[in-house]
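Results of the structural survey
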Amino acid sequence: MPTLDMEVTVNGRDVKRRATTQMRLLDFLRNELNLTGTKEGCGAGECGTCSVFVDGKLVKSCLMPAAKANGAEIETVEGLAKRGELTYLQRAFHKTGASQCGYCIPGMVMAATGALRENPHAGFDEIKERLGGNICRCTGYSKIFEAVELARDAMNGSLPTTALEGPGAGDSFIGNNVRRLDAPSKVTGALKYAGDMVMPGMLHMQVLRSPVAYALIKSIDISEAEAMPGVECVITADDVPGEDGFGVFVHDQPIMARGRVRYVGEAVAAVAAEDVETAMAALGKIKVEYENLPAVFDPEVAMAPGAPVLHDYAPGNIVKHIPIRKGDVEEGFAEADLVVEEDYGTQAVEHAYLEPEAGLAYVDPDGVVTVVSPSQNITHHRHMLAKIIDQPINKVRFIMSPVGGGFGGKEDMIYQGMLALAAMKSGQPVRLVFTREESIVSTAKRHPARITYKMGLKNDGRITAVEFRMVADGGAYGLSTEGVMRKAAILSCGPYDIANVKIDTYGVYTNNTPSGAFRTFGAMQAQFATESHLDICAGKLGLDPFEIRRINMMRSGALTHTKQKLGSVSLGLALDAAEKASNWESGPADVRGSSRSDLGKAGNREPCTLGSRIRASDGAGGKKDVA
Amino acid sequence: MLNCDQYLMPETLEEALAQWAGAPEGSRLLAGGTDILPWAREGRAGHVHLPVIIDISRVKELRGYDVADGRVRLGANVVFQQFLTDDELRHHLPCMPHCSIWFADDQIREQATLAGNIVNASPAADGVPPVFAMNGTVEIARLEGGSIVRRSVSSRDFITGPGRTILEAGEIVTAVTCDSMAGYGGAFEKVGQRRSLVISVVCAVCLVKLSADDKTFADVRLSLGGISPVPVRLDAAEASLKGQPVSRESVLAAVKTAGDLVRSRTRREYRGEVVRGFIERAIEDALADYGVALSPPEMKEAALANT
Ligand SMILES: Cc1cc2nc3c(=O)[nH]c(=O)nc-3n(C[C@H](O)[C@H](O)[C@H](O)COP(=O)(O)OP(=O)(O)OC[C@H]3O[C@@H](n4cnc5c(N)ncnc54)[C@H](O)[C@@H]3O)c2cc1C
Ligand code: FES
Ligand code: FES
């Protein structure tokens, strides 16, 4: 590996190190100097978790070859404050609760620091603009902007520094604005996520992934890869000693493809080597012979007779069908004055947590196989892994590292098994850090769904019957599909009291990327259809959208269509509050144009303007605010 | 990931040209690196190992800019952030702050060069339409028999297709020279999915200058990006506006001449629809920047109804 000698100043100290020509400044800081407060969220300039100052300018260190920074003065999040202290900005982030998972936070603090260095009087729009290159998936940004404004005012003296102190819990945690205990470790970059952790003798894993959607694996030849210097082990499905299979409900997914690959990006083999580059090079030496099978990418097609069957146990490709029946829908439709039928579609969505998957596994001196990872479900993972590696449960340990955002996407044991196997086979600690591309291609998405909604209503707006059919693309493996289908069925008709319902939700296997848990767990798809449908029906009946909901809403004591008795229902209160807060102009929603009184006027709620272009200049320093 | 056998950081143009002339096949020049590094990733070029990378960001002669004889000569290392923060550049290139504020983000703008944007020649490059509109020329240098030989090419001839330019082996872009547009009103419009960090679906640039009494168009510059393999200058629309009264009708008539410009591979219909409204808005915003309001929105609706 070609090298170069780096001489830089990092956080005020002179550093001389040999680097490789391949290193980006990000790698140099993280791997050579162990300054892991600078994170890699994307590696492509898109997220800002890697922001550092180079000669006083804020840059994305993933886009800068280390060599380019040679001779420069570098400042990272670790250098902002003295050990044990926090800068005004860091204190403000702590105060406003601006750090949640925390993975974006070091970069945010750097960008905010840059913003206030450039203009200590930066207005809201300028702050927004200057933080525009940094993405956060947790906070919705409001608390972050609030923190920057608070710090600015405290630094300028227009607010006392006590404004940065938290009010504390007082007598009770309830009703008091309590600061997060873990915020200081996040705003300083001190917190170690799995990808930041190192152990002596640690190996680096890279994963060979399927380039085809559906194929038989005729053979895998790992001999050449195994023989490479620096490679400690190569693992495939053959290395699984126990009963292979994981999943949140059905255990249909092998640790690595076994006999067949079922989606592009599925793990086929993995290499553990002394460095990432060697592991990556070894992947190129693994020879896999595939025989393509006819694949299926549409769940409706997968459900039809004659479709390719993905899993032998499920001949109709159904992961789960949840039927619910209440009353008699035919009678309900007969009774209706109006019957409206529409189709709704939702797409796959990636969680895009800022922390790509990462994990570290080792076998401890007592033979306990230990996996450290940001798993959202360690207990279940532990039980599954024990079976897979054929060990008693007390020989398997899962440690949950800080989760840099999960949103459901880290419920699946998608890589922890490979780490465990490699640690067992090599006898050394093994770490795997996904690239963003790998995370997107191989991990679960929100279920894309197609929903057919048929609703019968009386002229007064009362719903007489609902027929709801949802076909969701579960992708190649079951993961959380069963639960998602259950929840979608339970919440299919929304919070409305309907006498006659016929509900069917189907989770279906296809050769697409697997779908899994994602915030709302099936409710979003169902609610999108239900609420859109209600608006359409209200329009057709000339009713106010709030009104049609009030007419049909469940009230305290209602029995849901799954026979759950609701002691208290606050929907009416929520509707009243929403109506009031939006200054809603009553009447059917679709009959007024731009003249309506609840749009864009003083006192109305502003639409969300994040990402919109800034308009106003904010005075003397405002020359950077153009347009 | 991007790797190389040698990473060179020349400090003079001559040094850079000599290294570039002697570099083995497959070597690359690197300025800000904001195109090259993301290119060397999975799904695009993947893992790339180059013989030599010549980082030209420390070459003295490529820094800074000069203004002379109504032209602004931008050294190849001028980065997008300078168009926002440098008052003299703002004065001479009034469309560029608008272009830059839409370009990537604060941090990338500190690294990304206009020259790199032009050489990269993406159909969606935001820097190219303004350079076309400002009669930009690209200055190129190479070593011949030990001395530096230069040539200049119109920016419109420089780019020949997506990712393709007329640059030849051993050549380095040393500067981009544009008309000084001091006194013009400038605007840049962009459609993308969010404000920061977004590649243009369509972008448009407009520069306007009016007659002394503000009644007629004295000069209009218009070009569009993202709709065809190479951004286009709207010569016909520009010509149709010159000498015309400043009115919504003149603008709409000019917009019509933009007709079927859209030649992109994807979302053609959508882009087509966007383009017409877009050019109109670009002209309107450039006029606003000039200090003249086109006509109030009610009149705009009426004018639209008449077309
Ligand atoms: C997150 C992100 C967001 C982005 N947003 C935008 C955007 O909004 N709009 C947009 O247009 N682009 C955008 N880009 C693309 C990129 O930033 C620009 O194209 C930039 O201007 C490239 O300049 P550079 O100096 O970084 O080029 P480099 O990556 O260094 O080089 C680009 C190409 O030009 C060549 N080159 C550079 N300088 C010279 C020279 N002097 N002579 C000859 N060849 C040369 C290089 O060899 C290379 O082929 C974005 C990129 C990223 C990563
Ligand atoms: S911007 Fe550098 S890691 Fe995302
Ligand atoms: S706190 Fe910003 S990504 Fe989690």
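In what follows, the structure referred to is the one given above.
Right, let's walk through the structure included here. All residue numbers refer to position in the chain's written sequence, counted from 1. Lettering of chains starts at A and numbering of ligands starts at 1, both following the order in which they are written. Note on the predicted model: pLDDT of at least 70 is required for a residue's local features to be given, and 80 or more for side-chain atom pairs to be given and counted; whole-chain, interface and lining totals, by contrast, use all residues. For the side-chain quantities, the full set of heavy atoms in the structure was used; hydrogens and water were omitted.

Right, let's talk about the pattern of salt bridges for a bit. Opposite charge on two side chains makes pairing possible when the charged atoms of those side chains draw close. Counted as salt bridges are all cases of a side-chain nitrogen of Lys or Arg within 4 Å of a carboxyl oxygen of Asp or Glu. Per the stated rule, a full pass over the model turns up 52 salt bridges over all chains. With its nearest N and O atoms 3.1 Å apart, the salt bridge here joins Glu126 of chain A to Arg130 of chain A. Remark: Arg130 of chain A and Glu126 of chain A occur in helix H4 (residues 124–130); sequence separation between them is four residues, near one turn of the helix. The same class applies to Glu126 of chain A as to Arg130 of chain A, namely buried. One salt-bridge network, in which partners are shared between bridges, spans Glu126, Glu129 and Arg130 of chain A together with Asp106 and Arg109 of chain B. Working definition: helices are DSSP H or I runs of at least four residues, strands are E runs of at least two. Numbering for both runs from the N terminus. Partly exposed describes any residue whose relative accessible area lies between the buried limit of under 20% and the exposed limit of over 50%, with all areas from a 1.4 Å probe on protein chains only and scaled to the type maximum.

Residue and element names in this part refer to chain A. Axis separation between helix H16 (residues 545–552) and helix H17 (residues 571–581) bottoms out at 11 Å; the angle between their running directions is 170°. The angle between H16 and H17 falls in the class roughly antiparallel. The segment H16 lies against H17, with Phe546, Arg549 and Arg550 engaging Leu575, Asp576, Ala578 and Glu579. By the convention adopted, Pro, Cys, Tyr, Trp, Phe, Met, Ile, Leu, Val and Ala count as nonpolar, Lys, Arg, Asp and Glu as charged, and the other residues, Gly among them, as polar. Here the residues of the contact of H16 with H17 are counted per class, giving three nonpolar, no polar and four charged. Axis lines are fitted to C-alpha atoms, over the contacting stretch for helices. Their N-to-C directions set the angle, which ranges from 0 to 180 degrees. If an angle is under 35 degrees, it is roughly parallel; if it is over 145, roughly antiparallel; if it lies from 65 to 115, roughly perpendicular; otherwise it is oblique. Note on contacts: a residue pair qualifies if any of its non-hydrogen atoms lie within 4.5 Å across the two residues.

Residue and element names in this part refer to chain A. As a packed pair, helix H15 (residues 523–541) and H16 sit with axes 9 Å apart at the nearest point and diverge in direction by 110°. By the angle class used here, H15 and H16 are roughly perpendicular. In the crossing of H15 with H16, the sense of the turn from one axis to the other is right-handed. Packed against H15, whose contacting residues are Glu531, Leu534, Asp535, Cys537 and Ala538, the element H16 presents Pro545, Ile548 and Arg549 at the interface. Residue composition of the contact of H15 with H16, by class: five nonpolar, no polar and three charged. Should the near helix be turned counterclockwise from the far one by less than a right angle, the crossing is left-handed, whereas a clockwise turn marks it as right-handed.

Residues and elements named next belong to chain A. Positive phi, normally seen in glycine, also occurs at Asn317, with a value near 65°. Tracing the chain through its elements places Asn317 in the loop between helix H9 (299–303) and strand E12 (318–326). A positive phi is found at Leu479, a non-glycine position, where the angle reads about 40°. Considering the arrangement of structural elements, one finds Leu479 in the loop between strand E19 (463–475) and helix H14 (481–490).

Residues and elements named next belong to chain B. When DSSP locates at least two bridges between a pair of strands, those strands are taken to pair. Strands sit in the order E1-E3-E2 across an open sheet of three strands; the sheet is parallel. Taken across any chain shown, the strands that pair with only one partner, and hence form the sheet edges, are strand E1 (2–8) and strand E2 (28–30). Put simply, the sheet's adjacent strands are angled 45° from each other on average, direction ignored.

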